Amino acid sequence: MKQLKNTIIKYHYWLEFLLLIVLVVFFEISFRIRFGLKIFKYLFLSQIGNIIVVTLLLLFRSKKRRFISYMVFLAFAVGLFIADTCLYFYKKDLFSIAMFMDIFNGFVMVVRSMGNYNIFAAFPFYYWIITFSLLGLVVYGLYFLVFNGGERPKFMGRERLLLAIAIFAYVITLNGLSTIFVNTNIDERIYDAPQDKRTFVQTFGLHTYRTRDFVYNTYQLIARPLEKGKYQDIVDSITTRTPMQSNKHGLFENKNLILILCETCEDYAVDEKLTPNLYNILYGDNSFRFTNMYTSAKLDYTYDAEFKALTSMMYFNNDNYMYTYDHNTFSNSLPSVLKAKGYKVNSFHGFTGRFFNRKNMHKALGFEYYYANEDMNLSNYPSEWPLDSEMFAQMKHLYAPTDLDRPFFSFIISVTAHGDHDDIRQSFVDQGYYDIIETDGRFANREIQFKNILAGLMDLDKGLGIMFDHLRNNNLLDDTVIVLFADHKNYSSFDELSHYSPISQEGYEHEHDKVPYAIYYNQLEGQTIDLLTSHYDITPTLLDLFGVKYYKEFYYGQSVFLDETGEYEKKLNIVGYNRWIGEDIVLLDKDLVYIDDNVEDIEDYIYQYQVKVIEEIEKFHSFFYLDFFKDNLSYAPFNVNHQEPLE
């Protein structure tokens, strides 16, 4: 036994190194097994960053400093693993360095997660016992090895300098490594876009993502000002200004508009009896009903859905553009254009105004005022979302003002149906929604997750009833168009409830990404629209209907009614660098879900689409970076007094 101890102490540096590497490899493999990802061919590549970091830690001569550095490394490794598994479990997202740019929002999200989400939910309880037991053994082993081992051999001067040069060369030439390790064009495109978190981690692993994320964001901080010329060249290549209008152009000229983003608005929980107002908007005889509306929200974030719906723009870098670009001027946005047309424009949300920086970003988008939770007197239910019905009741004279001599546009974001849906909510008990569901009987035996989504939509429906009564009682209903769309799917309890989502006969996974969307007007002759559409199409469609000729070059989406004139273009719904839904191809991260039978060279076909998608993303990134719409109109100018476009 003494001989074994002496041998262990003799090789303590190697053992310290192995203990740290084994733990991070354990995290990598655990992550991949948990989320059904294959043990991948780039495993060695994924550990290069860890090997370099651990090697650097070994250079500490002081035993105390070396042990402390190990503990810091382990704290980061464990903390990031918990954060990544939680984010990936609920939203298929990963933590990135860019998230440090939003300290307040990150803090709020952690607090909300503690109240509404279980941060350890990704794995069963026994796994965490094993993990923390293993962590304890590693800590004990490191302590024993560090403080019982001999003095570190001299490794100074030229050796340390050479190691530093090697690390620097590795970081600088990291992009070049793709030509060494990556053996397909498709994988090389993925490697060059660490912003595409899901696809990247599926292909190259967690720790390669960490390294690439660090290098990419460091490069952005240093070299971003140098890219102005590149972005300027992109926008300078846009030489045409093509105003678009359909046969329904101006159908709602000078009408009021209420645009409602319905949080987690699952169509399987919309019921004609229990949510009659919601049902009437989405499926009634006075609506344009969209049957193939897909979410465009990257990683299921509501702010991304609302921004794309209001601007028809896209942004896929890891920083949160709601903070990075809140001082931009978005004269292309729906509120900005309607405000220029003489409308009063305001937005409303029952949650705090600082969350996702909406207070500032909505101002940048052109809203005159963003009414948030602090502007309302809503019931306080700790760790529960506010009630939409109370917001609709308290704000009705603001989102549908009765004393204006001009039309209004109000954007309302609901919140009550937000997840997590696993526990009984006291607010729903007090409102009697559970009792109504039980009395009705049809859904009495459903999961608690289903009942909570249904109850959340019942509360929204109650709010919609208040809105309709207010419009009707003040003779506003005949002059008001109501548009309602959902942000994303129910990601917090998707596994439990996905079987309720209607899917195509073929059972394609992307059919689960369909979300409700309808345009309601009480004097409208309804129509079902089967075109593939997305959040990108909402603003161009509404501009068309409200009599604005928009320039197609500055909006990714388009008016769906251009299909009647033959000018409609078949476009991909771009949800990420490698996540698209189109009529001839559907790519969901690493999975090719569908491709047209006539395609012969599938790999080249995907690669060509990748090139086109990146070009579109770069184009809109240029608009963000250059604050392009501060000095450029995205629509044909019009005379405010007559609301007629000037040719």
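Residues numbered from 1 in each chain as written. Predicted model: local features only at pLDDT ≥ 70, side-chain atom pairs only at ≥ 80, totals over all residues. Heavy atoms only, no water.

Engineer: Explain the packing of helix α12 (residues 228–236) against helix α24 (residues 602–625) to me, using residue names and the numbers behind them.
Structural biologist: One can describe the packing of α12 onto α24 by two numbers: an axis separation of 9 Å at closest approach and a directional angle of 115°. When the axis of α12 is compared with that of α24, the two are roughly perpendicular. Judged by the twist between their axes, the crossing of α12 over α24 is left-handed. Side by side, α12 and α24 meet where K228, K230, Y231, I234 and V235 of the first sit next to E618, K619, H621, S622, F623 and Y625 of the second. Residue composition of the contact of α12 with α24, by class: five nonpolar, two polar and four charged. (Axes fitted to C-alpha atoms, helices over the stretch in contact; angles between N-to-C directions. Helix = DSSP H or I, 4+ residues; strand = E, 2+ residues; numbered from the N terminus. Parallel < 35°, antiparallel > 145°, perpendicular 65-115°, else oblique. Left-handed = near helix turned anticlockwise from the far one by under 90°. Contact = heavy atoms within 4.5 Å. Nonpolar A, V, L, I, M, F, W, Y, C, P; charged D, E, K, R; others polar.)

Engineer: Which residues make up a nonpolar patch on the surface, and what values go with them?
Structural biologist: Together, I68, V72 and F76 line one region of the surface with nonpolar side chains, adding up to about 280 Å² of accessible area. Its place among the elements puts I68 in helix α4 (residues 63–91). Assessed through its relative accessible area of 44%, I68 is described here as partly exposed. (Patch = residues over 30% accessible without salt bridge, like charges linked within 9 Å, V, L, I, M, F, W, Y side chains within 5 Å. Areas by Shrake-Rupley, 256 points an atom, 1.4 Å probe, with all protein chains shown as cover. Salt bridge = Lys/Arg side-chain N within 4 Å of Asp/Glu carboxyl O. Buried < 20%, exposed > 50% of the residue type's maximum accessible area, 1.4 Å probe, protein only.)

Engineer: I'd like to hear about the packing of aromatic side chains, residue by residue, with values.
Structural biologist: Taken as a whole and assessed by the stated rule, the structure comprises 71 aromatic pairs. Where W128 meets F132, the ring centres are 6.1 Å apart and the plane angle is 35°; that geometry is what we call tilted. Of this pair, W128 and F132 both sit in helix α6 (residues 125–148), four residues apart, which is roughly one turn of that helix. On the accessibility criterion, W128 (6% relative accessible area) is buried. Ring geometry for F554 against F629: centres 5.8 Å apart, planes inclined by 85°, an arrangement best described as edge-to-face. Taken together, the residues span a long stretch of sequence, with F554 in the loop between β12 (550–551) and β13 (573–576) and F629 in the loop between α24 and β17 (638–639) at a distance of 75 residues. (Phe/Tyr/Trp six-rings, centres within 6.5 Å; stacked < 30°, edge-to-face > 60°.)

Engineer: Explain the sheet that holds strand β14 (residues 579–581) to me, and be specific about the residues and the numbers.
Structural biologist: Reading across from one edge, β13-β14-β15-β16 is the order of the four strands in this open sheet, with antiparallel pairing throughout. The sheet is open, and its two edges are formed by β13 and β16 (591–595), each paired on a single side. Shown here is a sheet whose adjacent strand axes are inclined to one another by a mean of 20°, direction ignored. In terms of strand pairing, β14 meets strand β15 (residues 585–588) through three bridges, oriented antiparallel. (Pairing = 2+ DSSP bridges.)

Engineer: Tell me about helix α20 (residues 433–440), and name the residues and values.
Structural biologist: Along α20, the residues that are buried comprise Y433, Y434, I437 and D440. Along the axis of α20, the buried positions cluster into a sector of 130°, meaning they face one direction only. Away from its buried face, by an angle of more than 90 degrees, α20 presents the exposed residues D435 and T439. Each element contacted by the buried residues of α20 is listed here: α18 (388–399), α19 (426–431) and α21 (448–473). (Arc of directions from axis to C-beta.)

Engineer: Could you give an account of the sheet that holds strand β5 (residues 344–349), naming the residues involved and the relevant values?
Structural biologist: The strand order across the open sheet formed by eight strands is β6-β5-β7-β2-β8-β9-β3-β10, and the pairing between neighbours is mixed. Here the strands that pair on one side only, and so sit at the sheet edges, are β6 (369–371) and β10 (527–529). Shown here is a sheet whose adjacent strand axes are inclined to one another by a mean of 15°, direction ignored. Pairing between β5 and strand β7 (residues 408–413): six bridges, direction parallel. Residue pairing for β7: V345 is matched across the bridge by F409. Contacting β2 (256–262), β5, β6 and β7, α18 runs over the sheet at an angle of about 160° to β7.

Engineer: Break down the packing of helix α2 (residues 12–34) against α6 for me, with residues and values.
Structural biologist: Taken N-terminus to C-terminus, the directions of α2 and α6 make an angle of 165°; their axes are 9 Å apart at the nearest point. Here α2 is positioned roughly antiparallel relative to α6, judged by the angle of their axes. For the element pair α2 and α6, the recorded crossing hand is left-handed. Only Y127, T131, L134, L135, V138, G141, L142, L145 and V146 of α6 make contact with α2, whose side of the interface consists of H12, L15, E16, L19, L20, L23, F26, F27 and S30. Looking at the contact of α2 with α6 residue by residue, the class counts come to 13 nonpolar, four polar and one charged.

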